[in-house]
Amino acid sequence: MSKIEGLAKEIAAALAAYSNEVTEGLEAAKPQAANNTVKILRSTSPKDTGDYAKGWTVSKEGTRQIIHNKTNYQLTHLLEKGHAKVNGGRVAAKVHIRPAEEQAVEEYISGVERVIRR
């Protein structure tokens, strides 16, 4: 085996190890960001809607982390966007999902950057 072939094999092995580290780091960053988002949603959700604030949870589907409200999923859109009243008028929006989502995206991106920079 020549020195070039040996060098090529070493480079390929190093890249494979780096790829595995990055993949593992990304998979670890997903649930961490999702669980922190659930904590944020539970604390910022309107409290005058029964168990709505307590219903936020994370489900894993394949490699995805899905954040949803298990108890009152019907209220998410109505509370976030506002809605019309039966006798006219509107109920104001109580924006609480969008800020949590933005924070989750930022947290995941910073986690990804940390993993890649190692």
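Residues numbered from 1 in each chain as written. Predicted model: local features only at pLDDT ≥ 70, side-chain atom pairs only at ≥ 80, totals over all residues. Heavy atoms only, no water.

## A word on the overall build of the protein chain
Here is step 1: In terms of regular secondary structure, the protein chain is built from three helices and four strands.
Here is step 2: Helices and strands appear in the protein chain in the N-to-C order α-β-β-α-β-β-α.
Here is step 3: A compact globule built from 118 residues would reach a C-alpha radius of gyration of about 13 Å, whereas the protein chain, at 22 Å, exceeds it by more than 25%.
Here is step 4: If one aligns the C-alpha atoms of the protein chain with their principal axes, the spans along those axes are about 85 × 20 × 20 Å.
Here is step 5: Intrachain contacts of the protein chain at a sequence separation of at least 6 include 42% that bridge at least 24 residues.
Here is step 6: Accessible surface computed for the protein chain: about 8,400 Å², of which carbon and sulfur atoms make up 56%.
Here is step 7: In the protein chain, the 18 positive side-chain charges and the 14 negative ones have mean positions that sit 7 Å from each other. (Helix = DSSP H or I, 4+ residues; strand = E, 2+ residues; numbered from the N terminus. Rg over C-alpha atoms; globule rule 2.2 N^0.38 Å. Contact = heavy atoms within 4.5 Å. Areas by Shrake-Rupley, 256 points an atom, 1.4 Å probe, with all protein chains shown as cover. Lys, Arg positive; Asp, Glu negative; His and termini not counted. Charge placed at Lys NZ, Arg CZ, Asp CG, Glu CD.)

## Here we look at the packing of aromatic side chains
Here is step 1: A complete count under the given rule lists one aromatic pair for this structure.
Here is step 2: Pairing Tyr52 with Trp56 gives two aromatic rings, centres 5.7 Å apart and planes at 75 degrees, and the pair type is edge-to-face. Here Tyr52 matches Trp56 in class, with each residue buried. (Phe/Tyr/Trp six-rings, centres within 6.5 Å; stacked < 30°, edge-to-face > 60°. Buried < 20%, exposed > 50% of the residue type's maximum accessible area, 1.4 Å probe, protein only.)

## Quick look at the pairing of strand β1 (residues 56-61)
Here is step 1: The pairing of β1 with strand β2 (residues 64-69) spans six bridges and is antiparallel. Bridged to Glu61 within β2 is Arg64.
Here is step 2: Hairpin connection from β1 to β2: two residues lie between these consecutive antiparallel strands, with Gly62 at a positive phi of about 70 degrees. (Pairing = 2+ DSSP bridges.)

## Focus on the nonpolar core
Here is step 1: Counting residues in each nonpolar core, the largest one holds seven residues, listed as Val38, Ile40, Leu41, Tyr52, Trp56, Leu79 and Ala100.
Here is step 2: Here the element with the most residues in this core is helix α1 (residues 3-44); it accounts for three residues.
Here is step 3: What Leu79 contacts, discounting residues up to four positions off in sequence, is Pro46, Thr49, Tyr52, Ala93, Lys94, Val95 and His96. (Core = buried A, V, L, I, M, F, W, Y, C linked by side-chain atoms within 4.5 Å.)

## As for the environment of Arg118
Here is step 1: As for its position among the elements, Arg118 is in the segment after α3 (97-117).
Here is step 2: Residues Arg118 and Val22 lie 96 residues apart in sequence; the distance between their C-alpha atoms is 8.9 Å.

## Digging into the confidence of the model for the protein chain
Here is step 1: In this model, the protein chain carries a mean pLDDT of 91, and residues with pLDDT of at least 70 account for 98%.
Here is step 2: The spread of mean pLDDT over the elements of the protein chain runs between α1, the lowest at 88, and β1, the highest at 96. (pLDDT = per-residue confidence, 0-100.)

## Here we look at the pattern of salt bridges
Here is step 1: Tallied over the full model, the rule gives three salt bridges.
Here is step 2: A salt bridge links Glu27 to Lys30, with the nearest nitrogen and oxygen atoms 3.1 Å apart. In this pair, Glu27 and Lys30 both sit in helix α1, three residues apart, roughly one turn of the helix.
Here is step 3: When its relative accessible area of 33% is taken as the criterion, Glu27 is described as partly exposed.
Here is step 4: One salt bridge in this structure joins Arg64 and Glu61, with 2.5 Å as the shortest N-O distance. (Salt bridge = Lys/Arg side-chain N within 4 Å of Asp/Glu carboxyl O.)

## As for a nonpolar patch on the surface
Here is step 1: On the surface, Leu7, Ile11 and Leu15 cluster together into a nonpolar patch covering about 300 Å² of accessible area.
Here is step 2: Relative to the assigned elements, Leu7 resides in helix α1. (Patch = residues over 30% accessible without salt bridge, like charges linked within 9 Å, V, L, I, M, F, W, Y side chains within 5 Å.)

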